[in-house]
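In case you want the letters, here they are:
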Amino acid sequence: MSKADPPPTVFHILERNIGRRIIAILDPSYGFEGTLAAVTLEPPGIWLSDAEVVTLRSTIAQPVPQVVSKEQRSEVFINLSSVQRIEVLHET
């Protein structure tokens, strides 16, 4: 029997996406979008460069939240304990 490798942790998955554009949603109507610059273990968090604060809104007709406004920020540290969801954005 071969010994299987343990599954990757959230930190491993985030480290694979350093340099890519992500959106971190903190609550259903608020989040940050930016380039993932670093992942830290203590405290558990992520650093975003070229960050923007995004406001999300959903309606009965459009239940998937859509970005309705952005406000420019510089660099932002986000503690992972306050994040509900992280999405990797694909460039078009």
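The structure contained in this document is the topic of the report that follows. Small disclaimer: the values here were computed from a predicted structure and weren't measured. (Residues numbered from 1 in each chain as written. Predicted model: local features only at pLDDT ≥ 70, side-chain atom pairs only at ≥ 80, totals over all residues. Heavy atoms only, no water.)

**Quick word on the nonpolar core**
Ranked by size, the top nonpolar core spans 15 residues in total, and within it L14, F32, L36, I46, L48 and I78 carry the most contacts. Sorting the residues of this core by element identifies β1 (21-27), β2 (30-40), β3 (45-57) and β5 (76-79) as the ones contributing at least two each. When residues in this core are grouped by element, the largest group, four residues, is from β3. Excluding residues within four positions of it along the chain, L14 makes contact with L36, V39, I46, L80 and I86. (Core = buried A, V, L, I, M, F, W, Y, C linked by side-chain atoms within 4.5 Å. Buried < 20%, exposed > 50% of the residue type's maximum accessible area, 1.4 Å probe, protein only. Helix = DSSP H or I, 4+ residues; strand = E, 2+ residues; numbered from the N terminus. Contact = heavy atoms within 4.5 Å.)

**Quick word on the packing of aromatic side chains**
For the coordinates displayed, the defined rule picks out two aromatic pairs. Ring geometry for W47 and F77: centres 5.2 Å apart, planes at 55°, overall tilted. A residue pair is termed long-range when its members are at least 10 positions apart, and W47 in strand β3 and F77 in strand β5 qualify at 30 residues. Given the relative accessible area of 34%, W47 is considered partly exposed. (Phe/Tyr/Trp six-rings, centres within 6.5 Å; stacked < 30°, edge-to-face > 60°.)

**A few points about the environment of L56**
Summarising the element assignment, L56 is placed in strand β3. Residue class for L56 comes out buried when judged on its relative accessible area of 6%. Residues L56 and Y30 lie 26 residues apart in sequence; the distance between their C-alpha atoms is 5.9 Å. Other than its neighbours up to four places away in sequence, L56 contacts I25, P28, S29, Y30, P65, Q66 and V67.

**Things to note about the environment of G19**
Positionally, G19 belongs in the loop between α1 (10-16) and β1. By relative accessible area, which is 53% here, G19 ends up exposed. With 13 residues separating them in the primary sequence, G19 and P6 have C-alpha atoms 25 Å apart.

**Observations concerning the pairing of β1**
Burial runs high along β1: six of the seven residues are buried. Adjacent in sequence and paired antiparallel, β1 and β2 are bridged by two residues. Sheet topology note: the β1/strand β6 (residues 85-88) ladder contains four bridges and is antiparallel. Paired with A24 across the strands is I86, a residue of β6. (Pairing = 2+ DSSP bridges.)

**Some details on the environment of T9**
Looking at where T9 falls in the secondary structure, it is placed in the segment before α1. Classification of T9 by relative accessible area gives partly exposed; the value is 35%. Within the structure, T9 has its side chain in polar contact with the side chain of H12 (distance 2.9 Å). (Polar contact = N/O pair within 3.5 Å; in protein donor to acceptor, adjacent residues only side chain to side chain.)

Remember, this is a structural readout, not a statement about activity or role.
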